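# Understanding the architecture of this molecule
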Amino acid sequence: MTQYANPASRRHGHGPKALVDCGSFAALARKAGALEALDRALRQTLPLPLRDEVRFANLRYGRLVFLATSPAWAARLRLMQTQILAAADAIGTNASAITVKVVPQPPAPTEPSRSKPLSPAAAAHLRATAASMTDPELQGLFLELASIAEPADSPFPRAK
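Described below are features of the structure shown in this document. It should be emphasised that the depicted structure is a prediction, and the values quoted were computed from it without experimental measurement.

Attention now goes to the overall build of the chain. When helices and strands are tallied, the chain shows six helices and three strands. In the chain, the succession of α and β elements from N to C terminus is α-α-β-β-α-α-β-α-α. Restricting the contact set of the chain to residue pairs at least 6 apart, pairs at least 24 apart contribute 45%. For the chain, the exposed area adds up to about 11900 Å²; of that, 59% sits on carbon and sulfur atoms.

Written as structure tokens, this is what we have:
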């Protein structure tokens, strides 16, 4: 049985490494830089629409790991495996296969929908309701809401 110097550094199965197993920050930065350079070099060999939809992620156990934004782009990349492996060999990277994982892009942030301004008639109803209330705090809230209504003679909507 193998003895470990640090029981926390034992890994079981797949998943993130313990921090003590990761090495120095400088070593991690060098590895990230090397992976980024490999990403640029390998994606340069791909046709333009495909190049924008995939990203090189890692080199693990002789496999080039790519991330694709959809199953369709992943399939296109897999069809180019021979070309990609030849390009990797040409730049001195020893790889025998590729793996493509589908990682959909997060949805683009949507702009909140603009609510329609209150009409003068709605403002009049809010004021009438406020006048009939006995709670001063609730009455104030109704009047504040009525104050944001469009004036009847305004040709342009209020800017928010």
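From this point, things continue past the structure.
So, about helix α3 (residues 71–79). Because the α-helix completes a turn every 3.6 residues, residues three or four places apart line up on one side. Taken residue by residue, α3 has Trp-73, Ala-74 and Leu-77 as its buried positions. Down the axis of α3, the buried set is contained in an arc of 105°. They therefore lie on one face. Facing away from the buried side of α3 by more than 90 degrees, the exposed set consists of Pro-71, Ala-72 and Leu-79. Residues of α3 that are buried in the fold lie against α2 (48–51), β1 (54–60), β2 (63–68), α4 (81–90) and β3 (97–102).

Below, the discussion takes up the nonpolar core. The tendency in soluble globular proteins is for nonpolar side chains to be buried as a group. Of all hydrophobic cores here, the largest spans 21 residues; its most connected members are Leu-42, Leu-64, Phe-66, Leu-77, Ile-84 and Ile-98. Those elements that place two or more of their residues in this core are α1 (25–43), β1, β2, α3, α4 and β3. Looking at which element gives the most residues to this core, the answer is α4, with four residues. In this structure, Leu-77 is in contact with Leu-46, Leu-50, Val-54, Phe-66, Ile-84, Ile-98 and Val-100, ignoring residues within four places of it in sequence.

Here the focus is α1. Helix length check: α1, at 19 residues, gives a terminal C-alpha distance of 27 Å against a target of 27 Å (1.5 Å per residue), a fit within 8%. Along α1, the residues classified as buried are Leu-35, Leu-38, Asp-39, Leu-42 and Arg-43. End-on view of α1: buried residues confined to an arc of 115°, all on one side of the axis. Residues of α1 that are buried sit in contact with α2, β1, β2 and α4.

Okay, the packing of aromatic side chains next. In the structure shown here, the tally under the stated rule is one aromatic pair. For the pair Phe-56 and Phe-66, a centre-to-centre distance of 5.5 Å together with 75° between the ring planes defines the contact as edge-to-face. Taken together, the residues Phe-56 in strand β1 and Phe-66 in strand β2 connect sequence positions 10 residues apart. Relative accessible area serves as the criterion here: at 5%, Phe-56 is assigned to the buried category.

As a further point, take unusual backbone geometry. In the Ramachandran plot, Tyr-61 falls in the positive-phi region, its phi being about 50° despite a non-glycine side chain. Looking at where Tyr-61 falls in the secondary structure, it is placed in the loop between β1 and β2.

Reading the values: rules and limits
- Residues numbered from 1 in each chain as written.
- Predicted model: local features only at pLDDT ≥ 70, side-chain atom pairs only at ≥ 80, totals over all residues.
- Heavy atoms only, no water.
- Helix = DSSP H or I, 4+ residues; strand = E, 2+ residues; numbered from the N terminus.
- Contact = heavy atoms within 4.5 Å.
- Areas by Shrake-Rupley, 256 points an atom, 1.4 Å probe, with all protein chains shown as cover.
- Buried < 20%, exposed > 50% of the residue type's maximum accessible area, 1.4 Å probe, protein only.
- Arc of directions from axis to C-beta.
- Core = buried A, V, L, I, M, F, W, Y, C linked by side-chain atoms within 4.5 Å.
- Expected span 1.5 Å × (residues − 1).
- Phe/Tyr/Trp six-rings, centres within 6.5 Å; stacked < 30°, edge-to-face > 60°.

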